[in-house]
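Residue-level structural notes
So the chains spell out like this:
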Amino acid sequence: MNLTSYIFFFFSFLLFSCQDKCDYYRSYTVHDPIYASMESIRDSVSFTISREINNPGKLNYKGGYLFISETKKGIHIIDNRNVTNPINIGFITLPGNYDLATKGDYLYADSYLDLVVFDISDINSISEVNRLKNNFDNYYLNQGLYNEDEGVIVGYKEELKEEYIENHDCGLAYD
Amino acid sequence: MKKYISILIIVLISCESSSDLGLSGGGGETSFSAGSDSNTGIGGSMARFTIVDDYLYTIDSWTLKSYDISDQLNPVYKEDVNLGWGIETIFPYNGNLFIGAQSGMHIYNLDNKESPEWISTYDHMTSCDPVVVQGDYAFVTLRGGTECQGFNNQLDIIDISDLVKPELFKTYSMINPHGLGVDDNCLFITEGEYGLKMFDISNLENIELIKHFEDISSIDVIPFMDVLMVIGSDGFHQYNYDCELGEIEYISTIPINNL
């Protein structure tokens, strides 16, 4: 650094110290997590008639039927035995679902912390038949998406907050 | 040849045998790859759950879990295997698991089904990267962007004839590749909002773009017995394809309206 720079630095400090103080409002958005207990999530599993597909995720195809995960919501069942006319025939409500696999008469899927087993032998009447609870809790704990008191984070609500800032350096007012 | 393959498939189905031939991802000679017997469903390339014989494998960001499902109704948790960071996809093929991670592709063998054992890692630039395998080659798409880090958008073909030493065979540039599927001489690459591509890969030194459907969205595919099932943000689309003639033809769509 040469002499000119030092002088410049010195003067800029003077400038800062001479500045006025400001009061101002600062507004910002917070994303407050929405929690749900695993008990309520476990109770909400159901099989219903088809509904519109949104936010599709993972796929699994077995014996003419296609299972499409709707991220975090559940699993759609498509009758694809006639590929020219695939039919959306049912939906499993399964909160926190991302992944799935099938074998024989069974569908294996995640629901937040749990691994859930469904009997798919009757495609028109799919039912939950087993569940390994808290199987994926390590992942949700590590990601800060779960704690024992409040349950799992199922979404976020946006909130606009305003804060009154007193006697602040004007130059730094808009941080 | 196709007929012969179909017959082979029918035989497999009718026997419901637990052969070591993987059944998934693709539908050609050696390309059946995501399950392990005909009774097992076929996943897409983005899958993080997969079934090989009597074992279910699940992955999260760091961990592979194994479950014995010989009693299918009652999965029994067996083991946690630490995989490192940024784990994204799992693809079983020929008694091995190919695991797509943000840092590269890991190969694990299933000699001990309860506890898959690391064989090797093919390192690449940080990105999102599903993997499918056929014969001596793994096909990996690398996608850059904010959620994936990294800047590359490409297809890497990796020579895995020596599983201990996977080596880059060739790289082809892509637009925004997501999931992919391989069947015989057909390679399907989903390009997100940029459509769907079908390549002829009979010459891996010079793969040839046969068709690019630009006006659909696609994020993953399952090619199975000449039908390509495609999921995209705008719908579930299906095509008939013929790898010998290098043809692909639209069949149907179930539209999807994203919220």
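Residues numbered from 1 in each chain as written. Chains lettered and ligands numbered in written order. Predicted model: local features only at pLDDT ≥ 70, side-chain atom pairs only at ≥ 80, totals over all residues.

This next bit is on the overall build of chain B. Per the secondary structure count, chain B includes one helix and 21 strands. Residues classed as buried in chain B amount to 50% of the 259 residues present. Long-range contacts, defined as pairs at least 24 residues apart, comprise 39% of the intrachain contacts of chain B with a sequence gap of at least 6. (Helix = DSSP H or I, 4+ residues; strand = E, 2+ residues; numbered from the N terminus. Buried ≥ 20, exposed ≤ 12 C-beta atoms within 10 Å, placed from the backbone. Contact = placed C-beta atoms within 7 Å.)

What follows concerns the overall build of chain A. Scanning chain A from terminus to terminus reveals three helices and 12 strands. A burial count over chain A gives 31% of its 175 residues as buried. Counting only contacts in chain A whose residues sit at least 6 apart along the sequence, the fraction spanning at least 24 positions is 50%.

What follows covers the nonpolar core. Among soluble globular proteins, nonpolar side chains are generally buried collectively. Counting 88 residues, the largest nonpolar core has Y108 of chain A together with F98 and I99 of chain B as the members making the most contacts within it. Excluding residues that lie within four positions of it along the chain, I99 of chain B makes contacts with I59, L83, I87, I90, M105, H106 and Y108 of chain B. Residues L113, F136, Y146 and V152 of chain A belong to the second largest nonpolar core, which totals eight residues. (Core = buried A, V, L, I, M, F, W, Y, C linked by C-beta atoms within 7 Å.)

This brings us to the pairing of strand β7 (residues 100–103) of chain A. All names here are of chain A. Going residue by residue along β7, you find L100 and T102 tucked away on one face and A101 and K103 tucked away on the opposite face as well. For β7 and strand β8 (residues 106–111), the ladder comprises four bridges, and the chain directions are antiparallel. Among the inter-strand pairings, K103 is bridged to a residue of β8, identified as Y106. A loop of two residues connects β7 with β8, the two strands running antiparallel in sequence, and G104 in this loop sits at a positive phi of about 55°. (Pairing = 2+ DSSP bridges.)

Here the focus is the interface of chain B and chain A. Across the boundary between the two partners, chain B contributes 37 residues, which contact 34 residues of chain A. At the level of secondary structure, the elements contributing two or more residues to the side of chain B that touches chain A comprise β1 (42–43), β2 (49–52), β3 (55–59), β18 (220–224), β19 (227–232), β20 (235–242) and β21 (247–255) of chain B. Tallied by class, the residues present in the side of chain B that touches chain A amount to 20 nonpolar, 14 polar and three charged. (Nonpolar A, V, L, I, M, F, W, Y, C, P; charged D, E, K, R; others polar.)

Attention now moves to the sheet that holds β21 of chain B. All names here are of chain B. Read from one edge of the open sheet, four strands run β18-β19-β20-β21, paired in antiparallel fashion. The strands lining the two open edges of the sheet, one partner per strand, are β18 and β21. Strand-to-strand twist in this sheet, taken as the mean axis angle between neighbours without regard to direction, amounts to 20°. As paired strands, β18 and β19 are joined by five bridges and run antiparallel to one another. Counted as the bridge partner of V221 is V230 from β19. (Axes fitted to C-alpha atoms, helices over the stretch in contact; angles between N-to-C directions.)

The subject of this paragraph is the confidence of the model for chain B. All names here are of chain B. In the predicted model, chain B carries a mean pLDDT of 86, and 85% of its residues have values of at least 70. Taken as a whole, residues 5–36 scores under 50 in pLDDT and shows 92 contacts with residues more than four places along the chain or in a different chain. What the predictor reports for the complex is a pTM of 0.83 with an ipTM of 0.85. (pLDDT = per-residue confidence, 0-100.)

Moving on, we come to the sheet that holds strand β13 (residues 167–173) of chain B. All names here are of chain B. With antiparallel pairing, four strands are arranged side by side in an open sheet as β10-β11-β12-β13. Of all strands in the sheet, those bounded by a partner on one side alone are β10 (131–134) and β13. On average, each strand axis in the sheet is inclined to that of its neighbour by 20°, with strand direction left out of account.

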